[in-house]
Amino acid sequence: MECVFGLVGDGFALVAADTSAVHSILVHKSNEDKVMLLDSHKLLGASGEAGDRAQFTEYIQKNVHLYEFRNGIPLTTAAVANFTRGELAVALRKNPYFVNILLAGYDKDVGPSLYYIDYIATLHKVDKGAFGYGSYFALSMMDRHYHSRMSLEEAINLVDKCIMEIRSRLVVAPPNFVIKIVDKDGAREYAWRESIKDAEVSAA
Amino acid sequence: MARYDRAITVFSPDGHLFQVEYALEAVRKGNATVGVRGTDTIVLGVEKKSTPKLQDSRSVRKIVSLDTHIALACAGLKADARVLINRARIECQSHRLTVEDPVTVEYITRYIAGLQQKYTQSGGVRPFGLSTLIVGFDPYTGVPALYQTDPSGTFSAWKANATGRNSNSMREFLEKNYKETSGQETVKLAIRALLEVVESGGKNIEIAVMTKERGLRQLDEAEIDAIVAEIEAEKAAAEAAKKTPSKDT
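Bear in mind that the values here come from a model prediction, so they are computed numbers and not experimental data.

Parameters and conventions
- Residues numbered from 1 in each chain as written.
- Chains lettered and ligands numbered in written order.
- Predicted model: local features only at pLDDT ≥ 70, side-chain atom pairs only at ≥ 80, totals over all residues.
- Heavy atoms only, no water.
- Helix = DSSP H or I, 4+ residues; strand = E, 2+ residues; numbered from the N terminus.
- Expected span 1.5 Å × (residues − 1).
- Buried < 20%, exposed > 50% of the residue type's maximum accessible area, 1.4 Å probe, protein only.
- Arc of directions from axis to C-beta.
- Contact = heavy atoms within 4.5 Å.
- Buried area = accessible area lost by both parts, 1.4 Å probe.
- Salt bridge = Lys/Arg side-chain N within 4 Å of Asp/Glu carboxyl O.
- Polar contact = N/O pair within 3.5 Å; in protein donor to acceptor, adjacent residues only side chain to side chain.
- Pairing = 2+ DSSP bridges.
- Axes fitted to C-alpha atoms, helices over the stretch in contact; angles between N-to-C directions.
- Core = buried A, V, L, I, M, F, W, Y, C linked by side-chain atoms within 4.5 Å.
- Patch = residues over 30% accessible without salt bridge, like charges linked within 9 Å, V, L, I, M, F, W, Y side chains within 5 Å.
- Areas by Shrake-Rupley, 256 points an atom, 1.4 Å probe, with all protein chains shown as cover.
- Phe/Tyr/Trp six-rings, centres within 6.5 Å; stacked < 30°, edge-to-face > 60°.

S.K.: I'm lost on helix α3 (residues 134–145) of chain A in this one. Help?
M.R.: In an α-helix, one full turn covers 3.6 residues, which means residues spaced three or four apart are oriented alike. Residues and elements named next belong to chain A. With twelve residues, α3 ought to run about 16 Å at 1.5 Å a step, and its terminal C-alpha atoms sit 16 Å apart, in line with that. Listed as buried for α3 are Gly-134, Ser-135, Ala-138, Met-141 and Met-142. Taken around the axis of α3, the buried residues stretch over an arc of 135°, which confines them to a single face. In α3, the exposed positions angled more than 90 degrees off the buried face are occupied by Tyr-136, Asp-143 and Arg-144. Buried-residue contacts for α3 involve β1 (4–8), β10 (128–131) and α4 (152–169).

Put into structure tokens, the structure is as follows:
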């Protein structure tokens, strides 16, 4: 079962997601990157229906880029969050997308922020959030150990604790995770946590 | 003749589409624009007609990005340009969304030219009154390209070209002086072509340089002034060399 979780630290925000692509009892691949770089300073971690996930997140990404070309400046994280929620809300009563999203971004004046957007177009600005069965464990761990303005080291420690809980307590736990962060220097991949390595080393 | 220019779907007896030709007239009144393709650099230059004192010149951008690897400059009706540029930008992103690949320069040129052609074959509309110079690097091969479109919807690739005011003089200059250049030499060639028809100085021309690594970069006034000074010094040196009779052949 897919899990995506994230938190806001001191001058950065991070999103961690599992990297398994599963269909019924078959694991298609275990290095599927579900955290997209929306633009230079935004991360979009998504989980849910595989086709919807790819389609919807790419659609958001291209629209974010179009705005930047049209207007010469990038959208703020809050603007992207509201745009995304709007798209989900409009589609909800026609042809809903089954995608849950954690949007992390860094804005110069606001600092790091994290938005929780679920598939029925709920939008919350949060300090920590999680989706999937793994959320039961991740949220509990974060409730216990999270405090505001954690350093990167403390935050990664907490992420590793969450991954440990998910791996040990969830019956169909995903084996591998990817962690991405965004801070004033931009959005980038931070690390992978792999317990099963594929034969090919390079990720998709 | 006057009967054949009302609706552009009508040909004149001698095979002209007058509205399209009148649109080309509008282009000829637009600001001088030049584009030069080098081996690793492509340069676009546009004349800046005197800006009113109270106008914020930053809001009048004549060289625009369509995508990270494509840029466009145009001559003619600026309002028409806004519409075309917007459609092109949407198409760039739409192409990336549907085929997960960036557009090639030829593709987006064909798209813009196709749009311009559509408006020469519909009822009740007039053609876009602008010609565009589209530059960019092929996203796979890295080869630089320069294309031109015009109100009739034709397009072709060029090594260097000019459009707008006095484009014939600039094109003549380019034909005489074009050679394969790279880096700063390409920038100088473009500025020299523009200076043939435009008053000298950084505040009268706008230059943008596109490279594969850095994408589109607008040069600021000081940089342009420095290059103009270089060019004038070279010109003066060439004049002086011509005048001295004691030169070995």
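Further notes follow.
S.K.: Please explain the interface of chain B and chain A as it appears in this structure.
M.R.: Think of interface size as the accessible area that goes away when the parts come together; that is how it is often given. Counting from both sides, the interface comprises eleven residues of chain B and, opposite them, seven residues of chain A. Between chain B and chain A the total buried area reaches about 910 Å² when both faces are included, carbon and sulfur atoms providing 62% of it. Our enumeration of links across chain B and chain A arrives at zero salt bridges. Along the contact surface separating chain B from chain A lie two residue pairs in polar contact (both at pLDDT 80 or more). Looking at the side of chain B that touches chain A, the elements that each hand over two or more residues are β3 (63–67) and α2 (78–99) of chain B. Broken down by element, the residue count for the side of chain B that touches chain A peaks at six residues, all from α2(B).

S.K.: What is the right way to look at the sheet that holds strand β9 (residues 123–126) of chain A in this model?
M.R.: Whenever strands of a sheet pair, they do so through backbone hydrogen bonds, lying parallel or antiparallel. Residues and elements named next belong to chain A. With respect to topology, five strands assemble into an open sheet ordered β5-β6-β7-β8-β9, the strand pairing being antiparallel. In this open sheet, the two strands that pair with only one neighbour each are β5 (35–39) and β9. This sheet shows a mean twist of 25° between the axes of neighbouring strands, independent of strand direction. Pairing of β5 with strand β6 (residues 42–48) involves four bridges; the strand directions are antiparallel. Bridge assignment links Asp-39 to a residue of β6, and that residue is Lys-42. Contacting β5, β6 and β7 (99–107), helix α1 (residues 50–71) runs over the sheet at an angle of about 15° to β5.

S.K.: I keep staring at the nonpolar core and nothing clicks. Help me out?
M.R.: Among soluble globular proteins, nonpolar side chains are generally buried collectively. Counting residues in each nonpolar core, the largest one holds 40 residues, and the members touching the most others are Phe5(A), Leu7(A), Leu14(A), Met142(A) and Val159(A). Those elements that provide at least two residues to this core are β1, β2 (12–18), β7, β10, α3, α4, β11 (177–183) and β12 (186–193) of chain A. Here this core gets seven residues from one element, more than from any other, and that element is α4(A). Ala32(B), Val34(B), Val187(B) and Val198(B) belong to the second largest nonpolar core, which has 26 residues in total.

S.K.: Sorry, what's going on with the pattern of salt bridges here?
M.R.: Once their charged atoms are close, side chains differing in charge can pair, the charge on each being opposite to the other. Residues and elements named next belong to chain A. Per the stated rule, a full pass over the model turns up 23 salt bridges over all chains. Notably, a salt bridge pairs Asp-18 with Lys-34, separated by 3.0 Å at the nearest N-O pair. With a gap of 16 residues between them, Asp-18 in strand β2 and Lys-34 in the loop between β4 (26–29) and β5 connect regions that are remote in the sequence. Here Asp-18 matches Lys-34 in class, with each residue buried. Of the charged contacts, one joins Lys-128 and Asp-143 as a salt bridge, the two residues approaching to 3.9 Å between their closest N and O atoms. Here Lys-128, found in strand β10, pairs with Asp-143, found in helix α3; they are 15 residues apart in sequence, far enough to count as distant.

S.K.: Looking at this structure, how should I read a nonpolar patch on the surface?
M.R.: A grouping of Met1(A), Tyr133(A), Tyr136(A), Val171(A) and Val172(A) is seen on the molecular surface, where their side chains present a nonpolar patch of about 590 Å² in accessible area. Relative to the assigned elements, Tyr133(A) resides in the loop between β10 and α3.

S.K.: For this particular structure, what's the right way to read the packing of aromatic side chains?
M.R.: For any pair of aromatic rings, the description rests on two quantities: the centre-to-centre distance and the angle between the ring planes. Residues and elements named next belong to chain A. For the structure shown, the criterion picks out six aromatic pairs over all chains. With centroids separated by 4.6 Å and ring planes inclined at 45°, the aromatic side chains of Phe-56 and Tyr-97 adopt a geometry described as tilted. Remark: Tyr-97 occurs in the loop between α2 (77–92) and β7 and Phe-56 occurs in helix α1; sequence separation between them is 41 residues. On the basis of relative accessible area, Phe-56 is assigned to the buried category, the value being 0%.

S.K.: Explain unusual backbone geometry to me, please; I cannot follow it from the model alone.
M.R.: Glycine aside, the phi torsion of most residues is negative, and most peptide linkages are trans. The phi torsion at Ser24(A) lies on the positive side, around 60°, for a residue other than glycine. Relative to the helices and strands, Ser24(A) resides in the loop between β3 (21–23) and β4. Here the phi dihedral of Glu100(B) falls at roughly 55°; this positive angle occurs in a residue that is not glycine. Assignment of secondary structure puts Glu100(B) in the loop between α2 and α3 (105–118). Glu100(B) gets classed as exposed once you look at its relative accessible area, which sits at 55%.

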